[in-house]
Amino acid sequence: MRYSALQILKNGLTGNKGWKPVWRDPEPKKSYEVVIIGGGGHGLSTAYYLAKNYGVRNIAVLEKGYIGGGNVGRNTTIVRANYLLDGNLEFYSHSLKLWENLEAELNYNVMLSQRGCLLLAHDDGQFDGLARRGNANLATGDDAVLMGREDVRNFVPYLNFDDARFPIRGGLLQRTGGTARHDAVAWGYARGADMQGVDLIQNCEVTGFKIAGGKVLGVETSRGYIGAGKVGMSVAGRTSQVAEMAGMRLPIESHVLQAFVTEAVKPVIDTVISFGMGHFYISQSDKGGLVFGGDIDAYNSYAQRGNLPMVEHAAEAGMALMPMIGKARMLRSWGGIMDMSMDGAPIIDKTPVDGLFLNGGWCYGGFKATPAAGEAFAHLMATGSKAEFASKFNLNRFETGHLLDDEGTGARPNKH
Ligand SMILES: Cc1cc2nc3c(=O)[nH]c(=O)nc-3n(C[C@H](O)[C@H](O)[C@H](O)COP(=O)(O)OP(=O)(O)OC[C@H]3O[C@@H](n4cnc5c(N)ncnc54)[C@H](O)[C@@H]3O)c2cc1C
């Protein structure tokens, strides 16, 4: 069913009885041309673009839980294209362009809101860094506005300017950045993939690989063996575990990242703001909740839940930046398991196993990457070659030294 204003009117007048489930619930077939492991944003978008751009029809997405139950539905929804280094620049620039057309592409409201994204600087060094980053964004064709302290004050007057522990020196605004409704992105891609015949199989955990003569032949799952011509791993924080089943050890750690939301308050924050002196980023949801996040837990973990030290850390950073946040009551917090690669950048590449492909290592930034990562991974799986806009996310860069360390913090997953 194609969604339209007319459909809403028609269904509204007929008791909303005409809506159909958005995707089917098929039994797994014995084999598929392509199996994607992981029904998150990346797995679903990969399946969608494989079907749409390359005409592959015989595809299954295997999800151990439910569609959208992973990080795609747990993140703080920030979308932006203001990275610094070649490799990241062209990739996120391309992704933002795909976002801008995504609702029309999917015929689904992902609630993209280009409300702007402001990175703050609190000293001269940071300010110079933002100027350099802004120039890189402009040179890539993306927008960037360098703001002095008074410009920032006019834009977001509720920050702590006069009594701050970390005085605000300036900021870099990307007006085309913003937020999107995260689970709608999963549902939109799921619907789009299903409409092209992709089987979305939930409650189907991949527990092993069948590999013979260096080639992948299929996957063992909680619902039996499924043969596959090609297999793509798109399992976010579980990448190192799933890859291990295929005999691979990756330069990736898993950490928990948490997000927080307050009770709904009247509209107050109409952009996305990132603190420069601590890891803290905040926006306001359409329902009114202040949505914010902080650092990953410093230690490795597969526990998909929050904990109190991080609540304290995020609340403390929020109070340093905008003391008014202290008046709001926190409603919920949750955690997602994230891949952290050794340079903070992702991997979209072939693996040493023929027919087995890897999309992982997305760290803090994989939601904004969802459209482009799917497109690039689909391109790689269909053609065997890298999409130009994702040509630097190589697995062997950790051997060759061509790291993509946008933060400049070295091989320190907890610092990216
Ligand atoms: C709290 C938090 C805040 C974040 N904020 C942002 C943000 O503001 N902006 C941004 O760009 N990024 C953000 N991110 C990062 C972003 O959410 C992730 O990088 C991105 O969602 C990862 O890709 P995905 O959507 O495919 O992951 P997921 O949705 O996690 O999908 C992976 C799926 O694989 C499944 N899976 C795992 N193992 C198996 C198996 N063996 N068999 C079958 N299925 C399996 C999982 O169940 C899961 O559903 C945030 C992450 C978190 C946790």
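Residues numbered from 1 in each chain as written. Predicted model: local features only at pLDDT ≥ 70, side-chain atom pairs only at ≥ 80, totals over all residues.

Colleague: Pulling in residues and values, what's your account of the sheet that holds strand 4 (residues 117-121)?
Modeller: Overall, mixed pairing links the 8 strands, which are arranged 5-6-4-13-14-15-12-16 in an open sheet. Both outer strands of the open sheet, strand 5 (145-148) and strand 16 (330-341), are each paired with one neighbouring strand and no more. The mean inter-strand angle of the sheet, taken between neighbouring strand axes irrespective of direction, is 20 degrees. For strand 14 (residues 281-284) and strand 15 (residues 289-296), the ladder comprises 4 bridges, and the chain directions are antiparallel. When the bridges of strand 15 are listed, Tyr281 appears paired with Gly293. Against the sheet, helix 5 (residues 124-140) makes contact with strand 4, strand 5 and strand 6 (170-174), and its axis sits at roughly 20 degrees relative to strand 6, the strand it touches most. Helix 9 (residues 308-321) contacts strand 12 (252-264), strand 14, strand 15 and strand 16 of the sheet and is inclined by roughly 115 degrees relative to strand 15. (Pairing = 2+ DSSP bridges. Helix = DSSP H or I, 4+ residues; strand = E, 2+ residues; numbered from the N terminus. Axes fitted to C-alpha atoms, helices over the stretch in contact; angles between N-to-C directions. Contact = placed C-beta atoms within 7 Å.)

Colleague: Give me the site of the ligand: which residues, what numbers.
Modeller: Taken together, 39 residues lie near the ligand, and Gly38, Gly40, Gly70, Gly336 and Gly366 sit nearest. Of all the elements in the fold, those that place two or more residues in the shell around the ligand are helix 2 (41-54), strand 12 and strand 16. Residue classes in the shell around the ligand are distributed as 14 nonpolar, 19 polar and 6 charged. When residues are assigned to domains, the shell around the ligand turns out to be shared by domain 1 (28-77 + 183-251 + 346-415) and domain 2 (115-176 + 253-341), each giving three or more. (Near = placed C-beta within 6 Å. Nonpolar A, V, L, I, M, F, W, Y, C, P; charged D, E, K, R; others polar. Domains from an automatic or database assignment.)

Colleague: So, helix 5: which residues are in play, and what are the values?
Modeller: At 3.6 residues per turn, the α-helix brings residues three or four places apart onto the same side. Between its first and last C-alpha atoms helix 5 spans 24 Å; for 17 residues at 1.5 Å apiece the expected length is 24 Å, and the two agree. For helix 5, the complete set of buried residues consists of Phe127, Leu130, Arg133, Gly134 and Asn137. Around the axis of helix 5, the buried residues are gathered within 120 degrees of arc, so they sit on the same side. Every exposed residue of helix 5 that faces more than 90 degrees away from the buried side is listed here: Asp124, Gly125, Asp128, Arg132 and Ala139. Where helix 5 terminates, the next one or two residues include Gly141, which has phi positive at roughly 100 degrees. (Expected span 1.5 Å × (residues − 1). Buried ≥ 20, exposed ≤ 12 C-beta atoms within 10 Å, placed from the backbone. Arc of directions from axis to C-beta.)

Colleague: Tell me about the pairing of strand 10 (residues 215-221), and name the residues and values.
Modeller: Sheet topology note: the strand 9 (residues 206-212)/strand 10 ladder contains 6 bridges and is antiparallel. Pairing of Ile211 across the sheet is with Val216, part of strand 10. The turn linking strand 9 back onto strand 10 is made up of 2 residues, and Gly213 within it adopts a positive phi angle of 60 degrees. With 4 bridges joining them, strand 10 and strand 11 (residues 224-233) adopt antiparallel strand pairing. Bridge pairing in strand 11 links Glu220 to Tyr225.

Colleague: An account of the nonpolar core is requested, with residue identities and associated values reported.
Modeller: Counting residues in hydrophobic clusters, the biggest one holds 119 residues, and the most contacted among them are Val35, Ile37, Ala47, Ile59, Val61 and Ala193. Looking at which domains feed residues into this core, each of domain 1 (28-77 + 183-251 + 346-415) and domain 2 (115-176 + 253-341) gives three or more. If we ignore the near neighbours within four places in the chain, the residues touching Ile37 are Leu62, Val206, Val219, Val231, Gly232, Met233, Ser234, Val235 and Val242. (Core = buried A, V, L, I, M, F, W, Y, C linked by C-beta atoms within 7 Å.)

Colleague: Tell me about the environment of Ala81, and please be specific about residues and values.
Modeller: Residue position: Ala81 is located in the loop between strand 3 (78-79) and helix 3 (88-100). With 27 C-beta atoms counted inside 10 Å, the residue Ala81 sits in the buried group. Separated by 30 residues in sequence, Ala81 and Met111 place their C-alpha atoms 18 Å apart. Discounting residues that sit within four places of it in the chain, Ala81 has contacts with Tyr92, Ser93, Ser95, Leu96, Asp142, Gln174 and Gly177.

Colleague: Before we move on, can you summarise the environment of Asn75 with the specific residues and values?
Modeller: By the secondary structure assignment, Asn75 is in the loop between strand 2 (59-62) and strand 3. For Asn75, a count of 26 C-beta atoms within 10 Å puts it in the buried group. Separated by 24 residues in sequence, Asn75 and Trp99 have C-alpha atoms that sit 16 Å apart. With sequence-adjacent residues up to four places away left out, Asn75 is seen in contact with His182, Ala259, Gly336 and Phe367.

Colleague: Outline helix 9, listing residues and values.
Modeller: For helix 9, spanning 14 residues, the distance from its first C-alpha to its last is 20 Å, which sits close to the expected 20 Å at 1.5 Å a residue. Within helix 9 the residues assigned to the buried category are Met310, Ala314, Ala317, Gly318 and Leu321. Buried residues of helix 9 fall within an arc of 100 degrees about the axis and therefore sit on the same side. What points out from helix 9, more than 90 degrees from its buried face, is the exposed set Leu308, Pro309 and Glu312. Taken together, the buried residues of helix 9 touch strand 12, strand 14 and strand 15.

Colleague: Before we move on, can you summarise the domain arrangement of the chain with the specific residues and values?
Modeller: Taken domain by domain, the chain consists of domain 1 (28-77 + 183-251 + 346-415) and domain 2 (115-176 + 253-341). When each unit is reduced to the centre of its C-alpha atoms, the spacing between domain 1 and domain 2 is 29 Å. Taken together, the 21 residues of domain 1 in the interface contact 18 residues of domain 2. Its residues assigned to classes, the side of domain 1 that touches domain 2 shows 8 nonpolar, 11 polar and 2 charged.

Colleague: I'd love a proper account of the packing of helix 3 against helix 10 (residues 370-383), names of residues and values included.
Modeller: Angle between the axes and distance between the axes: these two values describe a pair of packed helices. Remark: helix 3 packs on helix 10, axes separated minimally by 7 Å, with the N-to-C direction vectors making an angle of 110 degrees. Taken as axis vectors, helix 3 and helix 10 run roughly perpendicular relative to one another. Of the residues in helix 10, those in contact with Phe91, His94, Ser95, Leu98 and Trp99 of helix 3 are Pro371, Ala372 and Glu375. In terms of residue class, the contact of helix 3 with helix 10 is made up of 5 nonpolar, 2 polar and 1 charged. (Parallel < 35°, antiparallel > 145°, perpendicular 65-115°, else oblique.)

Colleague: Could you give me a rundown of unusual backbone geometry, with the residues and numbers involved?
Modeller: Residue Thr77 is not a glycine yet carries a positive backbone phi of 65 degrees. Locating Thr77 in the fold gives a position in the loop between strand 2 and strand 3. Look at Thr77 and you get buried, because 25 C-beta atoms sit within 10 Å. A positive phi angle is found at Met111, which is not glycine, with a value near 55 degrees. Looking at where Met111 falls in the secondary structure, it is placed in the loop between helix 4 (102-106) and strand 4.

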